[in-house]
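A look at the structure
Single-letter residue listing:
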There are 2 protein chains.
Amino acid sequence: MQWSAPPMTATRRAPRRDAGRPRGAPVAEAVLAATLRELASAGVEGLSVERIAREAEVNKTSIYRRWPTREALVAAALEGVAAQITGQLPDTGSLRGDLLALVGAVSDLVGSPLGRGLLRAALTESAEAAVAALATDQLARGTAGPARAIVARAKARGEWARGARGDMVVHALVGAVIHRAVLEHGALDRRWLGSLVDLMLHGALPRE
Amino acid sequence: MQWSAPPMTATRRAPRRDAGRPRGAPVAEAVLAATLRELASAGVEGLSVERIAREAEVNKTSIYRRWPTREALVAAALEGVAAQITGQLPDTGSLRGDLLALVGAVSDLVGSPLGRGLLRAALTESAEAAVAALATDQLARGTAGPARAIVARAKARGEWARGARGDMVVHALVGAVIHRAVLEHGALDRRWLGSLVDLMLHGALPRE
DNA sequence: GAACGATTGCAACTCATCGTTGCAATCCAA
DNA sequence: TTGGATTGCAACGATGAGTTGCAATCGTTC
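Because the structure is predicted, anything quoted here is derived from the model rather than measured.

Now for the overall build of chain A. Scanning chain A from N- to C-terminus turns up 10 helices and 0 strands. Going residue by residue from the N terminus, the α and β elements of chain A occur as α-α-α-α-α-α-α-α-α-α. Per-residue burial over chain A gives 48% buried out of 208 residues. Sequence separation of 24 or more characterises 64% of the internal contacts of chain A that already satisfy a separation of 6 or more. Accessible surface, chain A: about 10900 Å² in total, of which carbon and sulfur atoms supply 53%.

What follows deals with the relation of the copies chain B and chain A. Of the two same-sequence chains, chain B is brought onto chain A (RMSD 0.1 Å, axial shift 0.0 Å) by a rotation of 180°. Such values leave the two copies arranged in the relation of a two-fold axis. By residue overlap, the copies meet face to face through one surface: 100% of the interface positions of chain B are interface positions in chain A.

It is worth spelling out the domain arrangement of chain A at this point. All names here are of chain A. The domain architecture assigned to chain A consists of domain 1 (25-78) and domain 2 (83-202). Relative to domain 2, the C-alpha centre of domain 1 lies at a distance of 27 Å. The interface is formed by 13 residues belonging to domain 1 together with 15 residues belonging to domain 2. Ranking the residues of domain 1 by area buried against domain 2 places Ala40, Val44 and Leu78 at the top, with a combined share of 46%. At the boundary of domain 1 with domain 2, the tally comes to 2 residue pairs in polar contact (both at pLDDT 80 or more). The set of elements that each furnish at least two residues to the side of domain 1 that touches domain 2 consists of helix 1 (25-42) and helix 4 (70-78). No other element matches helix 1, which puts 6 residues into the side of domain 1 that touches domain 2.

Now for empty space enclosed by the protein. Scanning the entire structure with this criterion turns up 3 cavities of 30 Å³ or more. In this structure, the largest cavity spans a volume of roughly 80 Å³. What lines the largest cavity is A:Leu119, A:Leu123, A:Ile178, A:Leu183, B:Leu119, B:Leu123, B:Ile178, B:Val182 and B:Leu183. Counting residues per element, the ones that place at least two in the lining of the largest cavity are helix 9 (166-183) of chain A together with helix 9 (166-183) of chain B. For the lining of the largest cavity, the leading source of residues is helix 9 of chain B, giving 3 residues. By residue class, the composition of the lining of the largest cavity is 9 nonpolar, no polar and no charged. For the second largest cavity, the calculated volume is near 70 Å³.

Here we come to the nonpolar core. Membership of the largest hydrophobic core comes to 134 residues, with the highest contact counts inside it found for A:Val31, A:Ile63, A:Leu78, B:Val31, B:Ile63 and B:Leu78. Once you skip the residues sitting within four places of it in the chain, A:Ile63 turns out to touch A:Val31, A:Val49, A:Ile52, A:Ala53, A:Val58 and A:Leu73.

Between chain B and chain A, the contact holds 49 residues from the first and 49 residues from the second. When chain B packs against chain A, close to 4600 Å² is buried across both sides, 63% of that on carbon and sulfur atoms. The largest share of the area that chain B buries against chain A comes from B:Leu123, B:His171 and B:Leu183, three residues that together contribute 15% of it. On the surface where chain B and chain A come into contact, there are 4 salt bridges. Of the charged contacts in the structure, one is a salt bridge between A:Glu125 and B:Arg116, with a shortest N-O distance of 2.6 Å. Taken together, chain B and chain A are joined by 18 residue pairs in polar contact (both at pLDDT 80 or more). Within the residue set of the side of chain B that touches chain A, elements represented by two or more residues are helix 1 (25-42), helix 7 (113-122), helix 9 and helix 10 (190-202) of chain B. Ranked by the residues each element gives to the side of chain B that touches chain A, the list is headed by helix 9 of chain B, at 12 residues. Across the side of chain B that touches chain A, the residue classes break down as 25 nonpolar, 13 polar and 11 charged.

The next point concerns the packing of helix 9 of chain A against helix 9 of chain B. Two quantities define a packed helix pair, namely the angle between the axes and the distance from one axis to the other. One can describe the packing of helix 9 of chain A onto helix 9 of chain B by two numbers: an axis separation of 7 Å at closest approach and a directional angle of 100°. Between helix 9 of chain A and helix 9 of chain B, the angle falls in the class roughly perpendicular. Along the contact surface, helix 9 of chain A presents A:His171, A:Ala172, A:Val174, A:Gly175, A:Ala176, A:Ile178, A:His179, A:Arg180 and A:Leu183, while helix 9 of chain B presents B:His171, B:Ala172, B:Val174, B:Gly175, B:Ala176, B:Ile178, B:His179, B:Arg180 and B:Leu183. In terms of residue class, the contact of helix 9 of chain A with helix 9 of chain B is built from 10 nonpolar, 6 polar and 2 charged.

Let us look at helix 10 (residues 190-202) of chain A. Helix length check: helix 10 of chain A, at 13 residues, gives a terminal C-alpha distance of 18 Å against a target of 18 Å (1.5 Å per residue), a fit within 8%. Within helix 10 of chain A, the full set of buried residues consists of A:Trp192, A:Leu193, A:Gly194, A:Leu196, A:Val197, A:Leu199, A:Met200 and A:Leu201. Here the buried face of helix 10 of chain A lies against helix 6 (95-110) and helix 9 of chain A together with helix 9 and helix 10 of chain B. Downstream of helix 10 of chain A by a residue or two, A:Gly203 has a phi angle that is positive, lying close to 85°.

Bringing the side chain of B:Gln138 into the picture now. Residues and elements named next belong to chain B. Within the element layout of this structure, glutamine 138 appears in helix 8 (residues 129-157). On the basis of relative accessibility, which here comes to 4%, the residue glutamine 138 falls in the buried class. For glutamine 138, the contacting residues outside a window of four places in its chain are Leu78, Glu79, Gly80, Val81, Ala82, Ile85 and Leu118.

What follows concerns the environment of A:Val174. Position of A:Val174 among the secondary structure elements: in helix 9. When the C-alpha positions of A:Val174 and A:Val31 are compared, they lie 29 Å apart, and in sequence the two are 143 residues distant. Excluding anything up to four places from it in sequence, A:Val174 contacts A:Val106 and B:His179.

Conventions and cut-offs
- Residues numbered from 1 in each chain as written.
- Chains lettered and ligands numbered in written order.
- Predicted model: local features only at pLDDT ≥ 70, side-chain atom pairs only at ≥ 80, totals over all residues.
- Heavy atoms only, no water.
- Helix = DSSP H or I, 4+ residues; strand = E, 2+ residues; numbered from the N terminus.
- Buried < 20%, exposed > 50% of the residue type's maximum accessible area, 1.4 Å probe, protein only.
- Contact = heavy atoms within 4.5 Å.
- Areas by Shrake-Rupley, 256 points an atom, 1.4 Å probe, with all protein chains shown as cover.
- Least-squares fit on C-alpha atoms with pLDDT ≥ 70 in both.
- Domains from an automatic or database assignment.
- Buried area = accessible area lost by both parts, 1.4 Å probe.
- Polar contact = N/O pair within 3.5 Å; in protein donor to acceptor, adjacent residues only side chain to side chain.
- 1 Å grid on protein atoms, 1.4 Å probe; cavity = no way out; pocket = protein on both sides within 12 Å on 5 of 7 lines; lining within 4 Å.
- Points joined across faces, edges and corners; volume = space filled by probe spheres on them.
- Nonpolar A, V, L, I, M, F, W, Y, C, P; charged D, E, K, R; others polar.
- Core = buried A, V, L, I, M, F, W, Y, C linked by side-chain atoms within 4.5 Å.
- Salt bridge = Lys/Arg side-chain N within 4 Å of Asp/Glu carboxyl O.
- Axes fitted to C-alpha atoms, helices over the stretch in contact; angles between N-to-C directions.
- Parallel < 35°, antiparallel > 145°, perpendicular 65-115°, else oblique.
- Expected span 1.5 Å × (residues − 1).

Pasting the structure below:
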């Protein structure tokens, strides 16, 4: 018999690009970053490991070996992002300035893949309850700390009404930004944020 | 020749349950209601036509014949739900009462499959932009109308600060409820809602 | 009552993607 | 040099999406 082609076991035409070559940590970082982006664009239920692999320029198998389930992968990507949510907020010396800095940080967040990924992950239900709980926890941890500091400073300056609840002010501010940006796709310029903070400071009723 | 069994073309053992029998409108209603529930539990990207078919007790084929694409199915399910979002809000005679009724309706909504389905649909991106736009439009249409009416009545009674923006008050209230219920999984009792409305009415600053 | 169109169920199919597995290639450390 | 760990790659079975052909049933019309 004549063989014009290589033997049947393998043709071995391509000389392999860069198989092998362990590269450790950079792989994990690229995968987790791509996971956050995928979370933002496709949500937890629509998440595709193959897309993440292409995005991170890593083979699908490498992802499955490190994180056996999708849930583990998402959990790893969400782990420890609380610190990046608002970062360090400055003490501006006034409640209005502090709240402006807060809503500015929040509006930056909801425009970023990290923020939208967190929001969408927190909104999942049923099967992925653990993921939703983790995202919720990170969101709460990232906003509760700065919020408490702002309210404490305001109270020390006498800039706080007796009955007002600090967490509720933050809920309303953050919720308004989310409503405006994510649900309504409206612009978040400084004037809009300023008006929002003023509304929260003075209320909707006329000051007799 | 003797045939102890039916001919080879088909055994025809089961006498069919209820094939045929067109039942028109009830099929569409059941499917669209199941689609909203599926939207709430799985989101747009995780939506499964087979699950909807099982849930609605309808064959998968019947769904594909009426709505050729998933997008068409979701759009049909979202069509015209704006009217059910808040329903008819009463004129309570005071701004506080009107806003309490509004946040009560919103908190009922976010606890329902319709509300969570709308929220999750509005949060989708990229590939399903048309669906997100439709959900956003329904949400806006369902809240903007009642909100304008409430603000107009308050202004007529003199219960409105000059600088306050009506849409912003609604954004903050609705956003706070969403933040509390969907992102934080907190309870929405009457006391919490009352405090929220009072905060929006009087503001966080002390009234000198 | 018979015929016809519309609607539905059902089973089978193709196709894409998911998650897994075996193997070879490569790097690092002993 | 050897061995373990990491990666790429191709292939596989399983699962679900969307389609198609066919039979059964209903309502309407003649």
